[in-house]
Amino acid sequence: MTSFPMASNLPLFDETDLSDALAQDMLRRGLPADAGHYDEFRTEAGTLRPVWQGFANHLGAPLDDLTRRQAWLARQIQEDGITYNVYSAPGGQSRPWSLEALPLILSAQEWRGLERGVAQRARLLNQILQDTYGEQRLLKQALLPSALVLGHPGYVRGLHGVQPVGGVYLHVLALDLARGHDGNWWVVTQRTQAPSGLGYVMQNRLLVSRLFPEAYRALHVQHLASGYRQLVDTLTDLAQECAGGQPPRLALLTPGPYNETYFEHAYLARYLGLPLVEGGDLVVREDSLFLKTVQGLEPIHGLLRRLDDDYCDPLELRADSTLGVPGLMQAVRARKVVLANALGTGFLQSPALHGFLPALSDHLLGEPLALPSLPTWWCGEASAWQDIQPRLHQQVIRHSYPGGGEVVLGNQLSAEALNAWRACIELDPAAYTVQSFVPYAQAPVWSAGQVNMRSAALRVYALSDGKGGWQVLPGGMTRIANRETGPMSMQHGGSSLDTWVLTDGPVDTFSMMPTSVRGDELVQRQRPVSSRTGENLFWMGRYTERCEQQLRLLQTLKDLPSGEDKPHDSVLQAIAELCEQHGLVPAGTPHLLQAPRVFERALLDALSDARAKQGAYSLAYNLSALDRSAQVLRDRLSAEHARWLRAMGSEFVEVLGRSAEEAPAGVASLDQIQPALDRLGLQLAAITGAQTDRMTRDPGWRLLTVGRLIERLVNHATVLQAFWSHRALAHPDGFDRVLELFDSTITFRARFQRRLEVPAVLALLVMDESNPRALACILRRLRTELGKLPIKAGESGDWLTLLPAEGVGLPLSLLADPASGAAAMQQLLESLVTLGWRLSDEVGRRYFVHAEPTDSMVST
């Protein structure tokens, strides 16, 4: 992440004069909040609120500079790949995360009241869970209706009587708050299953604090890091019981890259130092949870999950789930794993529960509820329904149970529609809950050169310490409507604000960097490589190499001379065959010799076809596959590396499109797409450099390297096969083209000048172990990297015997022999292609599949 560049060409002002001018300018260019909404920006007297006066005092630049800062923010989000997947978009496409420059600012005094209320509610909800999964006294005493607990699909009956490790059900609680027109805060919803947003909260803070560094320091904005550290420390401490004296191993469970908030899962995993895993990466053996890694099965003792309850265990919960771990609930019963949050907390998310919390607080805590919910009527209570029915047109209609549909605003319904809703409620009153309508407070947003006001809701987080205490994260995620009356939903185009909580005490300077590391933690801190991660790295290596090979073949084809100087037919036959084998043209395309323009048209059409609709797996297709592999590996790649991978495919297709638009009749030629090829070549070189020199040499990197080497071995053997079988090396053009395809022209000329002899080519391209493109060098590196991959229990390292013991297994004298060399060379090339495919299958069998439990693949 780059730092925000402060403007150097702004006019100089006296600081006092500038602060006063900024405050007046903010008021002058700020629109008032809508009638009936609390104004976060102005007081009732029309002056700036004190927190915003302080912000103006330390803005340090004229107000119009906010436009430049907002542009930098959008650019940084794009470069860092901060995304949000929109389910309604075609293909579930991701879009850049939406973040505004101006934060929501809360005073220290106001925050203390919120903090106390949030912590109290967290204690209350945890005690409700302890009772409902224990003695169920609240149900027996009718303090809580059974229909809202036992009748709720979020209550997991199979865990009744099972207390989670440490008695902690809620490790993370999220509350969505709204400020009413009178300035009081109300709880609208409570998120207890797998609350989202913690990753975006930290990302928002890192970006916005860079926009306003002076204001951030001067206003004493409280930092966030200690809350995240507590989350990990609590999970680690509780998992000690499951680890049997060994250092506990934790992971973050994600539904996968198609989930709407997958970016934050990857970001949060990296920030917390946890491996990011999917359900398919985990397996339960003998009531214990294990991670499938390339080293074998490694135990997992704690899971920070971002997967809803229903999907966690297809054996006992939702049978059609492909996202969960079969047997996970049994591991929970056996107290072999800590889940954050515990399974079965979903019923607390019902809006109907809010109406019973004041009495429950008095009963369980002996104190009134400090942070109230919106006034709530559960229609399953006849008296509540009768009370609220005449005023239904002024309320909000919600569904008591999940899956019911959208929230309905009574004041937006016609009389006929309102009567229809009354009839629905009468048919099944328990399924509906009515809440009071609250006009959300409006917060300032910089847009179009002025301060506009948008309705805002604040999500805050409480984090358990595992001992009955709670830390409320000083801040949170503020969501705003995309327009005055729009929805506050990221799925529907809403945006977000960083939330600054000011402190009148010392600012917490805690860092996520540990102060010391115990010796027994060192092995744990070497992040395991899951089998899925290893497989994606393996294919990332293959796709990167494949793109380079296709690009080199395209350049060779483009540079072929025409007219009287055109290459010999055997050279054209070899290149045409390679284009079809490498997916640059569909199978059955008329031959380059027969119909060169048709061949070129088919090749150009396939170049930008990312879905291989025409049957050709050309550059756009492989670049797209490379991008998909990178998406799954977001927690392992640097932001720069991931940005390059994202940009390559889209930029390549974009430049191809421009070339076609500029060409006569909208049809580009190979010569006209040269800018696209040149740029892609530079990008692939950067990617190769990042993969070679900027990644840790762990088993994952070795699998990436092995993938590249296998792809290179098969490709280079195939290239030589084509030129050999068509006798293209009998012509000078054949020598030049094969050297280009091996990227060895300069080396050949420096070593052999213009001696166009087959033995010289074989010496450089087959036998030379110092040439990274030569077959012998590829095999030597494969022997090295395969030998350094971990050997799982029950496996042997005898697969190295598949490779020649040294070199390519045959001497140069035999391959260059005029009588027998041709046959020996053809046989060698066929065997190397077969070896490449067999090695690929063997890597998959050894490191990506964990199907048999009897081989004792357990790391201790």
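That block above? That's the structure.
Now for a quick tour of the structure.

Cut-offs and rules
Residues numbered from 1 in each chain as written. Predicted model: local features only at pLDDT ≥ 70, side-chain atom pairs only at ≥ 80, totals over all residues. Heavy atoms only, no water. Core = buried A, V, L, I, M, F, W, Y, C linked by side-chain atoms within 4.5 Å. Buried < 20%, exposed > 50% of the residue type's maximum accessible area, 1.4 Å probe, protein only. Contact = heavy atoms within 4.5 Å. Helix = DSSP H or I, 4+ residues; strand = E, 2+ residues; numbered from the N terminus. Axes fitted to C-alpha atoms, helices over the stretch in contact; angles between N-to-C directions. Left-handed = near helix turned anticlockwise from the far one by under 90°. Nonpolar A, V, L, I, M, F, W, Y, C, P; charged D, E, K, R; others polar. Pairing = 2+ DSSP bridges. Parallel < 35°, antiparallel > 145°, perpendicular 65-115°, else oblique. Expected span 1.5 Å × (residues − 1). Bend = angle between axes of the 7 residues up to and from the residue.

## Describing the nonpolar core
- By size, the foremost hydrophobic cluster in this structure holds 100 residues, and its most contacted members are Leu603, Phe723 and Leu782.
- Ignoring anything within four residues of it in the chain, the contact list for Leu782 reads Val706, Leu709, Ile710, Leu713, Gly787, Leu803 and Leu839.
- Counting residues in hydrophobic clusters, the runner-up holds 71 residues, among them Ala122, Leu291, Ala352 and Phe356.

## Some points on the side chain of Gln691
- Of note, Gln691 is situated in helix H20 (residues 674-693).
- Exposure remark for Gln691: the relative accessible area of 2% places this residue in the buried category.
- In this view, Gln691 contacts Met540, Thr544, His641, Trp701, Leu704 and Arg708; residues no more than four positions away in its chain are not counted.

## Some remarks on unusual backbone geometry
- Residue Ala340 is joined to Asn341 through a cis peptide bond whose omega torsion reads 0°.
- Counting through the fold element by element, Asn341 comes out in the loop between strand E12 (338-340) and helix H12 (357-364).
- In this structure, Gln136 is a non-glycine residue whose phi angle is positive, near 60°.
- Residue position: Gln136 is located in the loop between helix H4 (108-132) and helix H5 (137-140).
- Exposure remark for Gln136: the relative accessible area of 16% places this residue in the buried category.

## Considering the packing of helix H15 (residues 531-558) against helix H16 (residues 569-581)
- Between H15 and H16, the shortest axis-to-axis distance is 11 Å and the interhelical angle comes to 145°. Pair H15 / H16 crosses with left-handed handedness. Counted together, Leu553, Thr556 and Leu557 of H15 and Ile575, Leu578 and Cys579 of H16 form the full contact between these two elements.
- Tallied by class, the residues present in the contact of H15 with H16 amount to five nonpolar, one polar and no charged.

## Here we look at the sheet that holds strand E10 (residues 296-299)
- Spatially, the three strands line up as an open sheet ordered E8-E9-E10, and their pairing is antiparallel. The open sheet terminates on both sides in strands that have one partner only, identified here as strand E8 (282-285) and E10. Across the sheet, the mean angle from the axis of one strand to that of its neighbour is 40°, orientation sign disregarded.
- Here strand E9 (residues 288-293) runs beside E10; their pairing, made up of four bridges, is antiparallel. Opposite Phe290, over in E10, you have Pro299 as the bridge partner.

## Some words on the sheet that holds strand E15 (residues 408-409)
- One open sheet accounts for four strands, arranged E13-E16-E14-E15; its pairing is antiparallel. Each having just a single partner strand, strand E13 (376-378) and E15 make up the two edges of the open sheet.
- Here strand E14 (residues 395-399) pairs with strand E16 (residues 432-436) via five bridges, running antiparallel. The partner of Val396 across the bridge, within E16, is Gln435.

## Some points on the environment of Leu274
- Within the element layout of this structure, Leu274 appears in the loop between helix H10 (262-272) and strand E7 (276-277).
- Residues Leu274 and Gly403, 129 residues apart in the sequence, show an inter-C-alpha distance of 32 Å.
- If near-sequence neighbours (up to four positions away) are discounted, Leu274 is found in contact with Leu250, Ala251, Leu252, Ala269 and Leu304.

## Concerning the packing of H16 against helix H22 (residues 732-741)
- Remark: H16 packs on H22, axes separated minimally by 10 Å, with the N-to-C direction vectors making an angle of 25°. With respect to H22, the element H16 is oriented roughly parallel. Residue-level contacts link Val571, Ile575 and Leu578 of H16 to Asp733, Gly734, Arg737 and Leu741 of H22.
- A breakdown of the residues in the contact of H16 with H22 according to their chemical character gives four nonpolar, one polar and two charged.

## Some remarks on helix H9 (residues 225-243)
- Helix length check: H9, at 19 residues, gives a terminal C-alpha distance of 26 Å against a target of 27 Å (1.5 Å per residue), a fit within 8%.
- Along H9, the largest kink reaches about 25° and is centred on Asp237.
- When you tally the buried positions in H9, you get 14 out of 19 residues, the bulk of the element.

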